[in-house]
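# Structural overview
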Amino acid sequence: MNRYLFVIDYQKDFVDGALGFPGAEKLDGKIAEKIRAYGKGRVLFTRDTHFDNYLSTREGKNLPVVHCIKDTPGWEVYGETAKALREVEAPGIDKLVFGMDVTDPATAAVLPESADEIELVGLVSNICVVSNAVVLQSKYPEATITTIDSLAANGATRTYYGLKMAARMMANVPDDGVERKRVVIVFTDGKPGYSGKNPGDMEAVLSEAKKIKENGVEIYTVGVYKASDAVIVDSFMNQLSS
């Protein structure tokens, strides 16, 4: 049976770098163990890959956090996982978007001709891991594709970047002489950033919200949170709203 393991974007910038988050580093040892169990010829890995012009790309305009710039430390695979990949001589696939491009000659050259089972591990599960699961299922329609929940992780609540994106959208609305009410609706658990209650994360969000409101945009908030968090969250959301 042709079984393969794909390690998705387990890179320094997604673990403890520009887009890193607590808990991502805990996957390292388990991913490395699985790589060694599969062995040579059965493991491939991907690297999210950007260039110096990242902020001018579509993704960069929507997620203005420079990350995974080719040949920088943040682009490299993290920790013990990197060591295990070298040990089994796993080929790497540099991808420019969430999912790998199986039509790219360099990618096609390292992909297996056929596969019966494929496992995916890595970061982040609800974006790049699932994107590549869909791509691989299309490439190998008869294969069983699985993701290992305990070896994949998600990120954090990026309210600040959501507001930055909203501000850019409002600024780019054409002036056609028609007066319109401008509104931003924020759906949130009320816990911005990694820790959920980091004063620095909250301050950054409130500062960005203040700029938006000063430009005549109204902000409304919709919160989903536990009753035990009400005191902190209610105060934060009241400050965030117009």
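Residues numbered from 1 in each chain as written. Predicted model: local features only at pLDDT ≥ 70, side-chain atom pairs only at ≥ 80, totals over all residues. Heavy atoms only, no water.

## Digging into the overall build of the chain
Regarding its fold elements, the chain presents 9 helices and 7 strands. Buried positions account for 41% of the 242 residues belonging to the chain. (Helix = DSSP H or I, 4+ residues; strand = E, 2+ residues; numbered from the N terminus. Buried < 20%, exposed > 50% of the residue type's maximum accessible area, 1.4 Å probe, protein only.)

## Side note on the pairing of strand 3 (residues 92-95)
Residues I93 and K95 of strand 3 are buried on one face, while the alternating residues G92 and D94, pointing to the opposite face, are not. Taken together, the 4 bridges between strand 2 (residues 43-48) and strand 3 define a ladder with parallel strand orientation. Looking at the pairing, F45 lines up with G92 of strand 3. (Pairing = 2+ DSSP bridges.)

## A word on the side chain of T49
Note that T49 resides in the loop between strand 2 and helix 3 (58-62). In terms of polar contacts, T49 uses its side chain to reach the backbone carbonyl oxygen of R47, at 3.0 Å. Within polar-contact distance, the side chain of T49 engages the side chain of W75 at 3.0 Å. Among residues more than four places away in sequence, those in contact with T49 are C68, K70, W75, D94, K95 and L96. (Polar contact = N/O pair within 3.5 Å; in protein donor to acceptor, adjacent residues only side chain to side chain. Contact = heavy atoms within 4.5 Å.)

## Some details on helix 7 (residues 159-171)
The terminal C-alpha atoms of helix 7 lie 18 Å apart, and with 13 residues this matches the ideal 18 Å at 1.5 Å per residue to within 8%. Turning to helix 7, its buried residues are T159, Y161, L163, A166 and M170. (Expected span 1.5 Å × (residues − 1).)

## Here's the deal with the packing of aromatic side chains
Each aromatic ring pair is characterised by the separation of its centres together with the angle its planes make. Going through the model one piece at a time under the given rule, you end up with 1 aromatic pair. Aromatic pair Y10 and Y78: ring centres 5.8 Å apart, planes at 90°, arrangement edge-to-face. With Y10 in the loop between strand 1 (3-8) and helix 1 (12-15) and Y78 in the loop between helix 3 and helix 4 (79-87), this residue pair connects regions lying 68 residues apart in the sequence. On the basis of relative accessibility, which here comes to 1%, the residue Y10 falls in the buried class. Note that R42 overlies the ring of Y4, its terminal NZ or CZ placed 5.0 Å from the centroid. (Phe/Tyr/Trp six-rings, centres within 6.5 Å; stacked < 30°, edge-to-face > 60°. Lys NZ or Arg CZ within 6 Å of the ring centre and 35° of its normal.)

## So, the pairing of strand 2
By the criterion of burial, strand 2 is predominantly enclosed, with 6 of the 6 residues buried. Residues V43, F45 and R47 point to one face of strand 2 and L44, T46 and D48 to the other, with burial holding for every one of them. Across 4 bridges, the pairing between strand 1 and strand 2 is parallel. Pairing of F6 across the sheet is with L44, part of strand 2.

## Focus on the nonpolar core
Counting 29 residues, the largest nonpolar core has V7, Y10, I35, V43, L85 and L123 as its most contacted members. Elements that contribute at least two residues to this core include exactly strand 1, helix 1, helix 2 (28-38), strand 2, helix 4 and strand 4 (117-123). Residues within four places of L85 in sequence aside, it is in contact with V7, I35, V43, F45, V77 and A90. (Core = buried A, V, L, I, M, F, W, Y, C linked by side-chain atoms within 4.5 Å.)

## Thoughts on a nonpolar patch on the surface
Together, V183, I185, F187, Y220 and V222 line one region of the surface with nonpolar side chains, adding up to about 470 Å² of accessible area. At the level of secondary structure, the elements contributing two or more residues to the nonpolar patch comprise strand 6 (183-188) and strand 7 (218-223). Sort the elements by how many residues they give to the nonpolar patch and strand 6 lands first, with 3 residues. Examined against the element boundaries, Y220 turns out to sit in strand 7. For Y220, a relative accessible area of 39% translates into the label partly exposed. (Patch = residues over 30% accessible without salt bridge, like charges linked within 9 Å, V, L, I, M, F, W, Y side chains within 5 Å. Areas by Shrake-Rupley, 256 points an atom, 1.4 Å probe, with all protein chains shown as cover. Salt bridge = Lys/Arg side-chain N within 4 Å of Asp/Glu carboxyl O.)

## Structural notes on the pattern of salt bridges
Applying the stated criterion across every chain, the model contains 11 salt bridges. Residue D94 is joined to R47 by a salt bridge in which the shortest nitrogen-to-oxygen separation is 2.7 Å. Separated by 47 residues along the polypeptide, D94 in strand 3 and R47 in strand 2 bring together distant segments of the chain. Within this structure, R3, K34, E117 and E119 form a network of salt bridges that share partners.

## Things to note about the environment of G20
Note that G20 resides in the loop between helix 1 and helix 2. In this structure, the C-alpha to C-alpha distance between G20 and L123, residues 103 residues apart in sequence, is 9.9 Å.

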